[in-house]
Amino acid sequence: MFDKSIYTERRKKLKESISEGVALFLGNVDSPMNYPANAYKFRQDSSFLYFFGLDIPGLAAVIDFDTGEEILFGDDATIDDIVWTGPQPTLKENAEKVGIQKTQPFKKLDEKIQLALSKNNKVHYLPPYRAENKILLSTLLNIPIDNLNNQSSTELIKGVVDLRSIKGAEEIKELETAMETAFLMHTTAMKMAKPGTYEKDIAGVIEGIALSADSMTSFPIILTKYGETLHNHDHSNRLEKGDLLLVDAGCESPLHYATDHSRTTPVGGKFTQKQKEIYSIVLDSQNTAIKAIKPGAKNLDIHIKACEIIASGLKDLGLMKGDIKTAVNEGAHALFMPHGLGHMLGLDAHDMEDLGEKFVGYDDKVKRPNIFGTGNLRLGRELKDGFVLTVEPGIYFIPQLIEKWENENKFKDFINYEKVKSYIGFGGIRIEDDILVTSDGGYKVLGKPIPKTIEDIEKISR
Ligand code: GLY
Ligand code: MN
């Protein structure tokens, strides 16, 4: 974990931003896979990690904004626990590691919350996403489970988002550590993309690379020759010459900072002419978008620019037609790129998505567009020095979407359906990198560059 001064300083800043009441932070608990003692790998809540650093189940914390008091709630391991898990630091020892003086047994949490409620103090909490924490919050606060999200604290959400959005030097260092593993995962997948290999062979190896780096994947690996399905987690197919292998995968640093990269590799190491043409458009779109990143730039504008490059490239190939700016403005390009250009990255691959994209990706100045495609953009607002975000344009040929739109005569002034149908079976291409917004130079691509030009990809995958 980081030095305790990092966590103390983060909590101090949070206290400065919230006017009154108490904040209740629930850490995560172990989650059973198929019977109680057989749990999934433990993953701590990211906001809990951010403010309290402790990567262990069964903790909660309260910050009192009126008195400044901070209390860590949890239980010391019993001898029965120790027999199975080995010796554990005490709650007090753990609290000291993150600069918290006061500890109490977990069962005292209820007393603390009831006291605050009886004094009409506001109890701020973040929107819960795990069933166990929903039940606990509902019981502690006497709020029906269905109302928990609505009654979560906008003031606390905004305070947390403001802090977590701007990455400190220690966080960038962690991200850079994880990027080394990400480089190895992606270059290994490229080298393994050979005819006769199964997707699962590669997925298993690259997940192993993440595990071997004292890490884990930052989301379930997307590794597929059917890249037109955006989040395709099926790894059962055999790769054949001529296929495109889309790999969208990331890992976490030991302190849980996430990477998220996508690369698309021709199986057997040689793009066809048709693949080269589509790949070049996506790469041009990604490079242009990255270069547009700087503090003050609106990510929604960068998304639109990236989509215009895609639409214009597709027009050159005869797949789209008409005025490109109008086509993108009306959403016609979304037949080929139905997702957004990118999202925040940090302690989560989709950073802080549990807190609500309207707070993380948008604000009073930039509202989320209500249109298929651009409406899926997770981050639209003005970028700031210290943000980390992904840039991940793509082009996909989704048979069901093509068929639906053609049957509806949708955007027939912008889309040449006859030509588009000749691309069914092409799959999909996505190229994704992780970018730090900086005040000097505008942007920095994090990590050692993973091959992405046609020449470099063909060289490594041959
Ligand atoms: N890497 C998966 C996503 O960004 O949704
Ligand atoms: Mn992503």
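In what follows, the structure referred to is the one given above.
Residues numbered from 1 in each chain as written. Chains lettered and ligands numbered in written order. Predicted model: local features only at pLDDT ≥ 70, side-chain atom pairs only at ≥ 80, totals over all residues. Heavy atoms only, no water.

Caption draft 1: The arrangement of the overall build of the protein in detail. Secondary structure summary: the protein contains 16 helices and 15 strands in total. In summary, the protein has a C-alpha radius of gyration of 24 Å against a globular reference of 23 Å for 462 residues, a match within 12%. Dimensions of the protein, computed from C-alpha atoms along their principal axes, come out at roughly 70 × 50 × 45 Å. Taking all contacts inside the protein whose residues are at least 6 apart in sequence as the whole, residues at least 24 apart take part in 73%. (Helix = DSSP H or I, 4+ residues; strand = E, 2+ residues; numbered from the N terminus. Rg over C-alpha atoms; globule rule 2.2 N^0.38 Å. Contact = heavy atoms within 4.5 Å.)

Caption draft 2: Focus on the site of ligand 1. What surrounds ligand 1 is the set Phe219, His231, Asp248, Asp260, His343, His350 and Glu392. At 3.0 Å from an oxygen atom of ligand 1 is found a side-chain nitrogen or oxygen belonging to His343. His350 has a polar side-chain atom sitting 2.8 Å from an oxygen atom of ligand 1. When ligand 1 is considered free in solution it has 200 Å² of accessible area, and contact with the protein chains removes 93% of it. Class assignment for the residues of the shell around ligand 1 results in 1 nonpolar, 3 polar and 3 charged. (Near = heavy atom within 4 Å. Polar contact = N/O pair within 3.5 Å; in protein donor to acceptor, adjacent residues only side chain to side chain. Areas by Shrake-Rupley, 256 points an atom, 1.4 Å probe, with all protein chains shown as cover. Nonpolar A, V, L, I, M, F, W, Y, C, P; charged D, E, K, R; others polar.)

Caption draft 3: View of the sheet that holds strand E4 (residues 60-64). Taken together, the 5 strands give an open sheet; going across it, the order is E6-E5-E4-E1-E7, and neighbouring strands pair in mixed fashion. In the strand order of this sheet, the two ends are held by strand E6 (102-105) and strand E7 (123-125), each with one partner. Looking at each pair of strands side by side, their axes are set apart by 25° on average, direction ignored. Each of strand E1 (22-26), E4, strand E5 (70-74), E6 and E7 is contacted by helix H5 (residues 109-118), which is oriented at about 30° to E4, the strand it contacts most. (Pairing = 2+ DSSP bridges. Axes fitted to C-alpha atoms, helices over the stretch in contact; angles between N-to-C directions.)

Caption draft 4: Local environment of the packing of helix H10 (residues 273-291) against helix H11 (residues 299-316). Packing of H10 against H11 brings their axes to within 9 Å, and their N-to-C directions diverge by 155°. Considered as vectors, H10 and H11 are oriented roughly antiparallel to each other. Crossing of H10 over H11 shows right-handed handedness. On H11, the residues that touch Ile278, Ile281, Asp284, Ser285, Thr288 and Ala289 of H10 are Ile302, Lys305, Ala306, Ile309, Ile310, Gly313 and Leu314. (Parallel < 35°, antiparallel > 145°, perpendicular 65-115°, else oblique. Left-handed = near helix turned anticlockwise from the far one by under 90°.)

Caption draft 5: Quick look at the pairing of strand E15 (residues 442-445). Looking at chain direction, strand E14 (residues 433-438) and E15 are connected through 4 bridges and run antiparallel. Within E15, the residue paired with Leu436 across the bridge is Lys444. Linkage of E14 to E15, two consecutive antiparallel strands, is achieved through a turn of 3 residues, within which Gly441 is found at a positive phi near 100°.

Caption draft 6: Main features of the sheet that holds E14. Here we have 3 strands laid out as an open sheet, ordered E11-E14-E15, and antiparallel in their pairing. The outermost strands of the open sheet, each flanked by one partner alone, are strand E11 (388-391) and E15. With strand direction ignored, the average angle separating the axes of adjacent strands in the sheet is 40°.

Caption draft 7: Structural detail: the coordination of the manganese ion (ligand 2). Within the protein, the manganese ion (ligand 2) binds to Asp260 (OD), His343 (NE2), Glu392 (OE) and Glu432 (OE); these donor distances fall in the range 2.1 to 2.3 Å. Ordering the donors of the manganese ion (ligand 2) by residue number gives the pattern D-x82-H-x48-E-x39-E. Of this pair, His343 sits in the loop between helix H12 (324-330) and helix H13 (357-360) while Glu392 sits in the loop between E11 and strand E12 (394-396), and the two are 49 residues apart along the sequence. Across the pair, exposure class does not vary: His343 and Glu392 are buried alike. (Donors = N, O, S within 2.8 Å, 3.2 Å for Na, K, Ca; no water. Buried < 20%, exposed > 50% of the residue type's maximum accessible area, 1.4 Å probe, protein only.)

Caption draft 8: Looking closely at the environment of Asp110. Among the structural elements, Asp110 can be located in helix H5. For Asp110, a relative accessible area of 37% corresponds to the partly exposed category. Along the chain, Asp110 and Leu136 lie 26 residues apart, while their C-alpha atoms are 9.7 Å from each other.

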